[in-house]
Amino acid sequence: MYVCGITPYDATHLGHAATYLAFDTLQRVLRDGGVEVDYCQNVTDVDDPLLARAAATGEDWVALAERETERFRQDMEALRVLPPRWYVGAVEAIPEIVELIAVLRDKGAAYDLDGDLYFPVSADPHFGSVANLDVDTMLRLSAERGGDPDRPGKKDPLDAALWRAARPAEPAWPSEFGPGRPGWHVECAAIALRRLGPTIDIQGGGSDLAYPHHELSAAHADVASGCWPFARSYVHSGMVGYLGEKMSKSRGNLVLVSRLRTDGVEPAAVRLALLGHHYREDWEWTGDDLAGATKRLLRWRRAVEQPTGPSAQTILAEVRRHLADDLDTPRALRCVDRWAAEALTRGGDDRHAPGLVRDMADALLGVDPSPSPPPSGLA
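Read on for a plain summary of the structure. In this text, all values refer to a predicted model and were calculated from it rather than measured experimentally.

**Quick look at the packing of helix 11 (residues 313-324) against helix 12 (residues 329-345)**
Any two packed helices are characterised by how steeply their axes cross, that is the angle between the axes, and by the distance between the axes. Relative to each other, helix 11 and helix 12 sit at 170°, their axes nearing to 8 Å. In terms of orientation, helix 11 lies roughly antiparallel with respect to helix 12. Mapping the contact onto sequence places Ile-315, Glu-318, Val-319, His-322 and Leu-323 in helix 11 and Thr-329, Arg-331, Ala-332, Cys-335, Val-336, Arg-338 and Trp-339 in helix 12. Within the contact of helix 11 with helix 12, the residues separate by chemical class into seven nonpolar, two polar and three charged.

Structure representation (structure tokens):
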């Protein structure tokens, strides 16, 4: 499983968190089924948005990337996201990216444009099969999502940058193509190919990555390896909105995980609020999500603190069934709700049930309903 990571120029918002919780849940379900998961995630720690933010604030781009990457990792740890086996920055992967570009060039799948190298989409006979969009839509999305379809001299407006020749005041690395830095899409292709091989089971990320990022990463990998498809399944999470628009750094309409944590919000409640929506769903964050999740967490805690409860075997089977049905977390949460309501109102005589439900919620949903420890220094 390869999931596209952050560009670390700002703190983790709930849209990010929802995406990585979806793939964390998927990893938990697969592991519960006895499947060994090789999970790789990248961090795009050199790219135009990061460099633009560093220039605007006067901060060193390396320091900015390191700080925000560390904050992201702390947020993920707080949300109890299982870490990937490989967490790879673009900067540390420069040598393997250069190697992949050389392979593409040697196969005739790269051309020079004023010192920059581009990938011709005509080199991949399967181009367009990931997102399945028409050309006009691809052109529009390319312009909106970091592409340069209007650049003069390109063989096709949809051709993707592989290597950007060094510009003044921009970082650059030596290569056989001259000093420069890699394009976005080839970064993920190189990182995934090196660690997971020419064909992977799952390529994941937000729905806004289907085109151009996943489309072009797959095209680079397919042509370089000679294997198709690059990924057997593409899994895309929905967008989280706030104040009427998609939550994004460019719009500034962010609800930050780190800010919620600083304000004393329990990460378990944040996780429950996000799991309360199906991962494919586009939805709007409101205070009601967090309030409802906080109440749900308190009910679960009261229920698992009971010395006995109703049998949990049926609930465990139902939770597994719903999670196996395209990660239907809202229905899985409601199963636990029903058990908790019965435990608190009618009780039960199974002394193992509260512990089983607690362990199930912890392992499958990533929510430990054990009572939270008191703040440090307090009894």
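**Concerning the environment of Lys-155**
On the secondary structure map, Lys-155 appears in the loop between helix 5 (135-144) and strand 6 (160-165). It is 9.5 Å that separates the C-alpha atoms of Lys-155 and Phe-119, two residues lying 36 residues apart in sequence.

**Examining the packing of helix 2 (residues 48-57) against helix 3 (residues 61-78)**
Remark: helix 2 packs on helix 3, axes separated minimally by 9 Å, with the N-to-C direction vectors making an angle of 115°. Accordingly, the angle class assigned to the pair helix 2 and helix 3 is roughly perpendicular. Helix 3 is crossed by helix 2, and the crossing has right-handed handedness. From helix 2, Leu-50, Leu-51, Arg-53 and Ala-54 reach across to helix 3, where they touch Trp-61, Leu-64 and Ala-65.

**Observations regarding the sheet that holds strand 10 (residues 240-242)**
Taken in spatial order, the three strands of this open sheet run 11-10-12, and their pairing is mixed. Whereas interior strands pair on both sides, the edge strands pair on one side only; in this sheet they are strand 11 (245-246) and strand 12 (283-284).

**Notes on the state of the cysteines**
For the structure shown, the criterion picks out zero disulfides. Cys-188 carries a free sulfur, and the closest cysteine sulfur to it, the one in Cys-4, is 4.0 Å from it. By relative accessible area, Cys-188 is classed as buried at 2%. A disulfide-free cysteine, Cys-227 has its sulfur positioned 18 Å from the sulfur of Cys-40, the nearest such atom.

**Looking at the sheet that holds strand 7 (residues 180-182)**
Taken in spatial order, the four strands line up as 4-5-6-7 in an open sheet, and their pairing is antiparallel. Because the sheet does not close on itself, it has two edges, and the strands there are strand 4 (111-113) and strand 7. With direction set aside, neighbouring strand axes in the sheet form an average angle of 30°. Here strand 5 (residues 116-119) pairs with strand 6 via three bridges, running antiparallel. The residue of strand 6 that forms the bridge with Tyr-118 is Ala-161.

**Description of helix 3**
Spanning 18 residues, helix 3 covers 26 Å between terminal C-alpha atoms, matching the ideal 26 Å at 1.5 Å per step. All of the buried residues in helix 3 are Trp-61, Leu-64, Ala-65, Glu-68, Thr-69, Phe-72, Asp-75 and Met-76. End-on view of helix 3: buried residues confined to an arc of 120°, all on one side of the axis. Structural note: helix 3 exposes Glu-66 and Glu-77 on the side pointing more than 90 degrees away from its buried face. The N-capping residue of helix 3, defined by a side-chain oxygen 3.1 Å from the backbone nitrogen of Val-62, is Asp-60. A positive backbone phi angle near 60° is found at Arg-80, which sits one or two residues after helix 3.

**A look at the pattern of salt bridges**
Here the structure, examined in full by the defined rule, presents 30 salt bridges. Notably, a salt bridge pairs Arg-105 with Glu-176, separated by 2.9 Å at the nearest N-O pair. Remark: Glu-176 occurs in the loop between strand 6 and strand 7 and Arg-105 occurs in helix 4 (residues 94-106); sequence separation between them is 71 residues. A residue is classified by how much of its surface remains accessible, and Arg-105, at 32% relative accessible area, is partly exposed. With a shortest N-O distance of 2.7 Å, Arg-301 and Glu-266 are connected by a salt bridge. Placement of the pair is Arg-301 in helix 10 (residues 287-304) and Glu-266 in the loop between helix 8 (257-262) and helix 9 (267-275), with a sequence separation of 35 residues.

**Describing the nonpolar core**
In this structure, Leu-14, Leu-274, Trp-285, Trp-300, Val-319, Trp-339 and Leu-365 are the most contacted members of the largest nonpolar core, which totals 63 residues. Where this core is concerned, the elements lending two or more residues are helix 1 (14-32), helix 3, helix 8, helix 9, helix 10, helix 11, helix 12 and helix 13 (353-365). A per-element tally of this core places helix 1 first, with nine residues. Counting 57 residues, the second largest nonpolar core, distinct from the first, contains Ala-90, Ala-110, Ala-219 and Val-223.

Definitions and limits used
- Residues numbered from 1 in each chain as written.
- Predicted model: local features only at pLDDT ≥ 70, side-chain atom pairs only at ≥ 80, totals over all residues.
- Heavy atoms only, no water.
- Axes fitted to C-alpha atoms, helices over the stretch in contact; angles between N-to-C directions.
- Helix = DSSP H or I, 4+ residues; strand = E, 2+ residues; numbered from the N terminus.
- Parallel < 35°, antiparallel > 145°, perpendicular 65-115°, else oblique.
- Contact = heavy atoms within 4.5 Å.
- Nonpolar A, V, L, I, M, F, W, Y, C, P; charged D, E, K, R; others polar.
- Left-handed = near helix turned anticlockwise from the far one by under 90°.
- Pairing = 2+ DSSP bridges.
- Disulfide = S-S within 2.5 Å.
- Buried < 20%, exposed > 50% of the residue type's maximum accessible area, 1.4 Å probe, protein only.
- Expected span 1.5 Å × (residues − 1).
- Arc of directions from axis to C-beta.
- Polar contact = N/O pair within 3.5 Å; in protein donor to acceptor, adjacent residues only side chain to side chain.
- Salt bridge = Lys/Arg side-chain N within 4 Å of Asp/Glu carboxyl O.
- Core = buried A, V, L, I, M, F, W, Y, C linked by side-chain atoms within 4.5 Å.

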